[in-house]
Amino acid sequence: MSSNQGSSPIAQSSGPSDGLFRKPRDPSMAHRHYRTLRSLPDVCPKEPTGEGRALCDGPSVVADQHRWTVYNSKVNLPAALNDPRLAKRESDFFTKTWGLDFTETDVMPSFYLPNISREHFSSYLQETAQREKIHERCKNICPSKDDLSVPTITNNHDKARAELEQVPKIFMKPEFVLNDPATFNAVLPWSHFSVAGGKNSRDVASSRLLQEKLSHYLDVVEVSIARQISLRSEAFFHAMSSQHELQDRMRETADSVAKLRARTAAIDRVMCRGPLRALRDALTCNNCIKLHNKLKLMAAVHQTQPTVQLLLSTSEFVGALELIATTKEVLQQELQGIHSFRHLGSQLCEMERLIDKMMVADFSTYVQSDLNRPFEEDSQVLEKDRLQSLVFGLLRQRKLDFLDIYSEEIVRAAKNVVRQCVVKSVSQISEIDADTVKFHEQMRLMTFHQWFDLLLDIFEHFILFLKRIKATLSVIRNVVLEVLDSSQSRRQADVSSATNHSDGRTNEDEEEEESGGGEAELAYLTHEGLFISDALNEVEQRSNAAAHAQTRAQTRTDTCGSDSASATTESSSSREHNSNTTSSLHIGGATAIEDVMPSDLELGRVANNVQELLYTASDVCHDRCIKVLMTRAKDGSLERLSSSEFVCLSQAVESFVSDTEELCGRRSVSLRGALQSQAYRFVQRFHEERKTKLSLLLDNERWKQAEVPAEFQDLVDSIADGRITLPERKSTGSEDRKPSEFLCVDGQKYAVIGTVLLLIRMFLEYCQCVNDIPSITTDILTRLADLLKHFNSRSCQLVLGAGALQVVGLKTITTRNLALVSRCLQLVIHYIPVIRAHFETRLQPKQYSILRHFGHITKDYNDHIAEISAKLVAIMDSMFEKALSKYEVKAPMPSACLRNVCKQMAKMHEAIHELLPEEQTQMLFLRINASFKLHLKRQLARLGVINDGGPQYGLVMVDVAFYSENVQALRTLECLDLNMPEIWEQKR
């Protein structure tokens, strides 16, 4: 029994007042409510209060099980503030954590909390007014604990406590069990008894004393229990009276229920059995109609296998697949569980797998026949209707890898194209025996023109091959896009129909109300135990069956339209039978077709793969052409081609690649890359030939001025006109013109050697090669730069280095040889900017850095020219030093030394003045004159002759005047300022 909370005013009250006690809405409020009522001293007026707690040290589990005690606390704030480990209580408990700026301020009232007044509790006080009255009445019935005599209660409690303390604590423990040996030994101390088997008087007395002690403990507990029961006797009596009242009410309720059941049975017997029998008969009739329709449906399903076989005999794969899908759906939805059709599902699945294999095999056969048919046929797409039917069937079965079959056949067909072209070309060449020579060797045994004609034939066939593939793939792509569009339009139609579904449902309900049969069936189905939603679905499904069947038949007709091209009389009858069979089946056809079709994402991926397959076909054709090129180039045949032949090959390949790119819409680099590698080898051989030729020309050069043929002058003139190409060879005209001594370039005459003329033609050949093969511009440029560097370095070795003395057998390197080399180098420097501009127009901006080679070459050539000029000055300088070292100031004048000097200068001028332009001649003689003045000045200083106007000074001035007259008498040196006073030491 419970203490204060054991009973409540709710249990005591009866009658109309019980309705005032409402169930609290919030569980937490309910909890607080019950905790408030728990403290009412309702039925325990004699229970001890206050000092009664002294009976035990801990809290009372009975009285305080819902009351909060210190044992429920989680944080002891005083303990946290009064830390015993600190020497003194800290006054800065908050400031040490929150900073020195922390100050205690009054908390401002919250703007979000309203001001609570008594009016807010008015509704609550009104609701609890009646409860308060009951509470007051209960207080009168059950006096408060405080009203009892405190001394009496205290005495009773002290006496009870003293008696209970006599009972050992072991009997009060909750785990007190005599089965435990330790507990049993503690209660019955056997150590007080003798171990021997016999009983003595001491053992008997001990056992009697133990028995009396236990009986005393039992009496104390029973007295305490009786005292507690007496204190709560009124609560027991009140509970018993409440139990009798509750039994009376239950008896009355049972009588009322018996009367209600009797009345319900009478109503069922009189009013319900007849109408329900009528509804049952109506439902039986409907079930018979359902059974009849189900039997017709089974008959239609039974004809599925013969119909499928009939469709397969005419290659109508799509119609057969749709019929199988429809039948499988009907078996799962309408005919599920029928024993006679238990194997039909697996048979249909096996037939579906067979149809998949048949479609794949048929598609492979179609692709082989399409790709390997003769190119003379005009039609680009073979049996378009058959292709569309196959593609639609493969898409429907999600055989999305059928393009891989097409890709594999493309590779095999491309190989056959090359083989057929080679066989055709070899058959026309009598020198090659196709039976004894291997396939690859046949192409190597051909001449270049024969092999080039073969390559052009392969290019032509591959263009037709790609056009045929593009047309076929276009048909496949259109089928995929049509399926994708139909899927999207069907989805949009479903969305629009779902929007209008509510209006249609309202109209159907009105029609069902007019017919009356639907409501009766719905009522009976509901009576039989079905849910309302299930009953509505049953009626609605039956009413919409005809409409769905008609939609399914229409879908079947539309999707099978592509098979009509190959139909016969037998296939027409089978299609009609299939349409009737599909129409006789149940709902869900359109949904089934939509489910078996690939998703929009998969269809889009297939459409992209179709375009990628066209790119793959182009790459395959290019790969086969690369094999033809590599087969020919294996023995180095392509490297030995002439420039014109390689240009023809390059132009043919570029034309083929451009045609395929225009056809497929994607740039291809494989064939261009193969041609580029061959072009690199061709350029290397092209350069090595010309470099070797230039080396041979230089090694055999006599370094004498050569005559310039008219064709070379025309070549130079064409360069001046901006045509940096090799002119066509003329049969007549150039032979009639005599060669000239000089090469005229932009109004200047250049005395040249024969090697330089051929060098000009060589770099024009390089430029012409760039015009014909733009892809090798960078390679040609580096090779041309190497050629020009080679000419500069080799000419320097032969002339300045005197290598020509041993190579050609020259007796000496004359000043004329040096001047001629300098002029030839100047001619090459003149054409370097022209070559640079020509290459710059054919380079990408990011490739302009390679043009720096021309700057380096120009610097090297200028340095070489400067070295030649210095060599000429050095020759005269050594002569001056040798001659003037013997110079003496004495009669006769002019002296023999000065006569010899003037003679040597005249020879120098005679050797170079026709070779070098006037400006360069004057600059050269100015440097020679400076050297002469330096040596004469040193000799005069050595002789001690000064410009004092004496006899020696006069003799020297005679020689100087003779020297000046002779030098200025030379051609183009008349206005040369010799500045002869510099020979005298300046007076300080």
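Residues numbered from 1 in each chain as written. Predicted model: local features only at pLDDT ≥ 70, side-chain atom pairs only at ≥ 80, totals over all residues. Heavy atoms only, no water.

Novice: Help me understand the overall build of the chain in this model?
Specialist: Within the chain, the secondary structure is distributed over 35 helices and two strands. Put simply, the chain has 988 residues, and 37% of those count as buried. Within the chain, contacts between residues at least 6 apart in sequence are counted, and of these 80% link residues at least 24 apart. Accessible area of the chain: about 58200 Å², with a carbon and sulfur share of 54%. (Helix = DSSP H or I, 4+ residues; strand = E, 2+ residues; numbered from the N terminus. Buried < 20%, exposed > 50% of the residue type's maximum accessible area, 1.4 Å probe, protein only. Contact = heavy atoms within 4.5 Å. Areas by Shrake-Rupley, 256 points an atom, 1.4 Å probe, with all protein chains shown as cover.)

Novice: For this particular structure, what's the right way to read the packing of aromatic side chains?
Specialist: Describing an aromatic ring pair means giving the distance of the ring centres and the angle of the ring planes. Tallied over the entire structure, the rule returns 15 aromatic pairs. Summarising the aromatic geometry, the rings of Phe646 and Phe682 are spaced 4.2 Å apart at their centres and angled 0 degrees between planes, so their arrangement reads as stacked. Residue Phe646 is found in helix 25 (residues 643-664), and its partner Phe682 is found in helix 26 (residues 670-699); the two are separated by 36 residues along the sequence. Here Phe646 matches Phe682 in class, with each residue buried. Judged by centre distance (5.0 Å) and plane angle (45 degrees), the rings of Tyr953 and Trp984 are tilted. Taken together, the residues Tyr953 in helix 35 (residues 951-968) and Trp984 in the segment after helix 35 connect sequence positions 31 residues apart. Through a chain of ring-to-ring contacts, the aromatic side chains of Phe646, Phe682, Phe686 and Tyr766 assemble into a single cluster. Between Arg823 and the ring centre of Tyr750, over which it is positioned, the NZ or CZ distance is 3.9 Å. (Phe/Tyr/Trp six-rings, centres within 6.5 Å; stacked < 30°, edge-to-face > 60°. Lys NZ or Arg CZ within 6 Å of the ring centre and 35° of its normal.)

Novice: So what exactly am I meant to see when it comes to the nonpolar core here?
Specialist: Within soluble globular proteins, side chains that are nonpolar generally end up buried alongside one another. Counting residues in hydrophobic clusters, the biggest one holds 202 residues, and the most contacted among them are Trp451, Phe462, Phe465, Ile760, Phe839 and Tyr963. Per-element accounting of this core gives the leading share, 19 residues, to helix 17 (residues 448-499). Those residues in contact with Trp451 that lie beyond four places of it in its chain are Met443, Met446, Val628, Leu629, Arg632, Leu638 and Leu649. (Core = buried A, V, L, I, M, F, W, Y, C linked by side-chain atoms within 4.5 Å.)

Novice: Is there a simple way to explain unusual backbone geometry in this structure?
Specialist: A negative phi angle characterises most non-glycine residues, just as the trans form characterises most peptide bonds. In the segment running from Ala891 into Pro892, the intervening peptide bond is cis, with an omega of 0 degrees. When you line up the elements, Pro892 lands in the loop between helix 32 (852-884) and helix 33 (896-912). Following Met893, the chain continues into Pro894 via a peptide bond in cis, with omega recorded as -5 degrees. With respect to the helices, strands and loops of the structure, Pro894 is situated in the loop between helix 32 and helix 33. For Thr972, which is not a glycine, the phi torsion comes out positive at approximately 70 degrees.

Novice: Help me understand a negative patch on the surface, please; the structure alone is not making it clear to me.
Specialist: A cluster of acidic side chains, namely Glu707, Glu741, Glu910 and Glu914, defines a negative patch on the protein surface. Of note, Glu741 is situated in the loop between helix 27 (710-720) and strand 1 (743-745). Taking the relative accessible area as the measure of exposure, Glu741 reaches 54% and is therefore exposed. (Patch = residues over 30% accessible without salt bridge, like charges linked within 9 Å, V, L, I, M, F, W, Y side chains within 5 Å. Salt bridge = Lys/Arg side-chain N within 4 Å of Asp/Glu carboxyl O. Lys, Arg positive; Asp, Glu negative; His and termini not counted. Charge placed at Lys NZ, Arg CZ, Asp CG, Glu CD.)

Novice: Explanation requested: the environment of Ser206 in the structure shown.
Specialist: Take Ser206: it is sitting in helix 9 (residues 201-231). Separated by 17 residues in the primary sequence, Ser206 and Pro189 place their C-alpha atoms 10.0 Å from one another.

Novice: Hey, could you run me through the confidence of the model for the chain in this one?
Specialist: Regions with low pLDDT carry predicted coordinates that are not meant to be interpreted in detail. Summing up the model confidence of the chain, the mean pLDDT is 76 and the portion of residues at 70 or higher is 74%. The model gives residues 1-63 a pLDDT under 50, and that stretch makes 82 contacts with residues more than four places away or in other chains. Contacts for the low-pLDDT stretch residues 512-539, under 50 throughout, to residues beyond four places or in other chains number 20 contacts. (pLDDT = per-residue confidence, 0-100.)

Novice: I'm lost on the side chain of Thr472 in this one. Help?
Specialist: You can see Thr472 is positioned in helix 17. Those residues in contact with Thr472, other than ones at most four positions away along the chain, are Asp370, Gln380, Val381, Leu387 and Tyr406.

Novice: Help me understand the packing of helix 10 (residues 233-302) against helix 11 (residues 304-313) in this model?
Specialist: Describing two packed helices takes the angle between their axes plus the distance from one axis to the other. Close contact between helix 10 and helix 11 brings their axes to 5 Å; oriented N to C, the two are set at 35 degrees. In this structure, helix 10 contributes Ala300, Val301 and His302 to the contact, and helix 11 contributes Thr304, Gln305 and Pro306. Among the residues forming the contact of helix 10 with helix 11, the class breakdown is three nonpolar, three polar and no charged. (Axes fitted to C-alpha atoms, helices over the stretch in contact; angles between N-to-C directions. Nonpolar A, V, L, I, M, F, W, Y, C, P; charged D, E, K, R; others polar.)

Novice: How do you make sense of the environment of Lys294 when you look at a structure like this?
Specialist: Looking at the element boundaries, Lys294 is found in helix 10. A relative accessible area of 27% means that Lys294 is categorised as partly exposed. In this view, Lys294 contacts Glu334 and Leu335; residues no more than four positions away in its chain are not counted.

Novice: How should the environment of Gly345 be read in this particular structure?
Specialist: Relative to the helices and strands, Gly345 is located in helix 13 (residues 344-371). The sequence separation of Gly345 and Thr327 amounts to 18 residues, and the corresponding C-alpha distance is 8.6 Å.

Novice: Please explain a nonpolar patch on the surface as it appears in this structure.
Specialist: There is a patch of nonpolar side chains on the surface, built from Ile116, Phe121, Tyr124 and Leu125 and spanning about 420 Å² of accessible area. With respect to the secondary-structure elements, Ile116 resides in the loop between helix 4 (95-98) and helix 5 (122-127).

Novice: Sorry, what's going on with the packing of helix 15 (residues 402-427) against helix 24 (residues 600-633) here?
Specialist: In the contact formed by helix 15 and helix 24, the axes pass within 10 Å of each other and the chain directions differ by 25 degrees. With respect to each other, helix 15 and helix 24 are oriented roughly parallel. Pair helix 15 / helix 24 crosses with right-handed handedness. Taken together, the residues of helix 24 that come into contact with helix 15 (itself represented by Leu403, Tyr406, Ser407, Ile410, Val411, Ala414, Lys415 and Val418) are Val606, Asn609, Val610, Leu613, Thr616, Ala617, Val620, Arg624 and Val628. Class assignment of the residues belonging to the contact of helix 15 with helix 24 gives a composition of twelve nonpolar, three polar and two charged. (Parallel < 35°, antiparallel > 145°, perpendicular 65-115°, else oblique. Left-handed = near helix turned anticlockwise from the far one by under 90°.)

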